[in-house]
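Survey of secondary and tertiary structure
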Amino acid sequence: MNAAISIRGVEKRFGDRVAVEGLDLEIARGSLCGVLGPNGAGKSTTLRMVLSILYPDHGTVEVLGGSALAAKERIGYLPEERGLYRTMRVGEYLAFIARLKGVPRAGLAARVRGWLERIELGGVEHRRCQELSKGMQQKVQFIAAVVHEPELLIFDEPFSGLDPVNAVVLDRLVGELHREGRTILLCTHQMQQAERICERLVLIHRGRKRLDATLPEIHARFDPRTLAYEPLEPGACSALELATLPGVHSVQPSCDGRGFSLALSAAARPQELFELLLRRGSARRIELERVSLEDVFVRVVRQVDGESAAEDARKELEHGKGD
């Protein structure tokens, strides 16, 4: 069986509210998949059904060939709601969690110390959890999710609240765990991290799956066909001049006023335009722009809910709010 997680026709309601509707999703073993969506989209509800914390009203969920309860020692879970035994010492807490997950006592202390070093928390083993900063506590909880070396890792907003330095550390560790062959399901609203580390992305909105594709597939599907052009000499050309070039549909000045954004027609040949622009004189920058994951997110929301909802979604992303 190749699927680590198999979700078929799943529906979950809370009273009159539909949280998840008609969800089909297969997560291949050894893959790194990101689950994205605005507030209330159904992301966390889906993760909780995968973990058998909640049960679907309709449909089936299989995890590692059975139920999550049967495979609990093969799963690591970092929930969005953080929580530690605050008065326990860090090493004691992590050893306790590891024992609950079936890790033998032999070599356990060395394993805990190794993970603390790996996540750049060397020296805190004997400190109480409540003495640590918020970011350090979050890193301890990350260790608690992975210390038993599970096959399947499920992270719900793992980067939320982390400063940039600690976010880079967790980013690196997620990549290392994936290269070790573990299956990772990552739920996040932080588009840049998802775009950087995930192989595949699933967008859930209003309880339904709206997008399920690899990054190359997303870039191909939402290709903006836009060329960024910045001449070396300011004022070397105008938008009206550039609009006459073959294959150029429209031209807009860039936000900083130093260059232009050229929207290309479907028949345009970017390489030919590169050459034509270079003939006009030296350029500081000529490149095909790639659609950002944030833009894809907003486009999908716009298709479902309209322009005003798309603008709200963009503001939500800017303020870093999650589901």
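For the structure, see preceding data.
Residues numbered from 1 in each chain as written. Predicted model: local features only at pLDDT ≥ 70, side-chain atom pairs only at ≥ 80, totals over all residues. Heavy atoms only, no water.

A word on helix α2 (residues 90-100)
Quick reminder of the rule: When accessible area is computed with a 1.4 Å probe and restricted to protein chains, residues below 20% of their type maximum are described as buried, those above 50% as exposed, and intermediate ones as partly exposed. Helix and strand assignments come from DSSP, with helices taken as H or I runs of at least 4 residues and strands as E runs of at least 2, each series counted from the N terminus. Within this analysis, the arc is defined by the directions that extend from the helix axis to the C-beta atoms. Residues count as neighbours in contact if any of their non-hydrogen atoms are within 4.5 Å of one another.
Listed in full, the buried residues belonging to α2 are Val-90, Gly-91, Tyr-93, Leu-94, Ile-97 and Ala-98. Projection of α2 onto a plane perpendicular to its axis shows the buried side chains occupying an angular sector of 165°, all on one side. Looking at the buried positions of α2, the neighbouring elements they touch are α3 (108-118) and α4 (134-146). Gly-102, located one to two residues past α2, shows a positive phi value of around 90°.

Regarding the packing of aromatic side chains
Note the threshold: The rule is short: rings of Phe, Tyr and Trp, with Trp giving its six-membered ring, pair when the centres are within 6.5 Å, and they are stacked under 30 degrees, edge-to-face over 60, tilted in between. Only lysine NZ and arginine CZ atoms are considered, and such an atom sits over a ring when it is within 6 Å of the ring centre and within 35 degrees of the ring normal.
Counting across every chain of the model gives 3 aromatic pairs. For the ring pair Tyr-85 and Tyr-93, a centre distance of 6.0 Å and an interplane angle of 70° mean the geometry is edge-to-face. By relative accessible area, which is 48% here, Tyr-85 ends up partly exposed. Judged by centre distance (6.0 Å) and plane angle (70°), the ring pair of Tyr-85 and Phe-96 falls under edge-to-face. Residue Tyr-85 is found in the loop between β5 (75-78) and α2, and its partner Phe-96 is found in helix α2; the two are separated by 11 residues along the sequence. Among the aromatic residues, ring-to-ring pairing joins Tyr-85, Tyr-93 and Phe-96 into one connected group. The aromatic ring of Trp-115 is capped on one face by Arg-118, whose charged end is 4.5 Å from the ring centroid.

Brief notes about the sheet that holds strand β13 (residues 283-288)
Here is the rule we go by: Only strands that DSSP links by at least two bridges are regarded as paired with each other. Helix axes are fitted only over the stretch in contact, all axes being lines through C-alpha atoms; the angle between N-to-C directions runs from 0 to 180 degrees.
Strand order across the open sheet formed by 4 strands is β11-β12-β10-β13, with antiparallel pairing between neighbours. Looking along the sheet, the strands with just one partner apiece sit at the ends: β11 (248-253) and β13. Across the sheet, the axes of successive neighbouring strands diverge by a mean angle of 20°, strand direction being ignored. Note that strand β10 (residues 226-231) and β13 share 5 bridges and pair antiparallel. Along β13, the bridge assignment pairs Pro-231 with Ala-283. On the sheet, helix α9 (residues 270-279) packs against β10, β11, β12 (260-264) and β13 and is oriented at approximately 170° with respect to β13.

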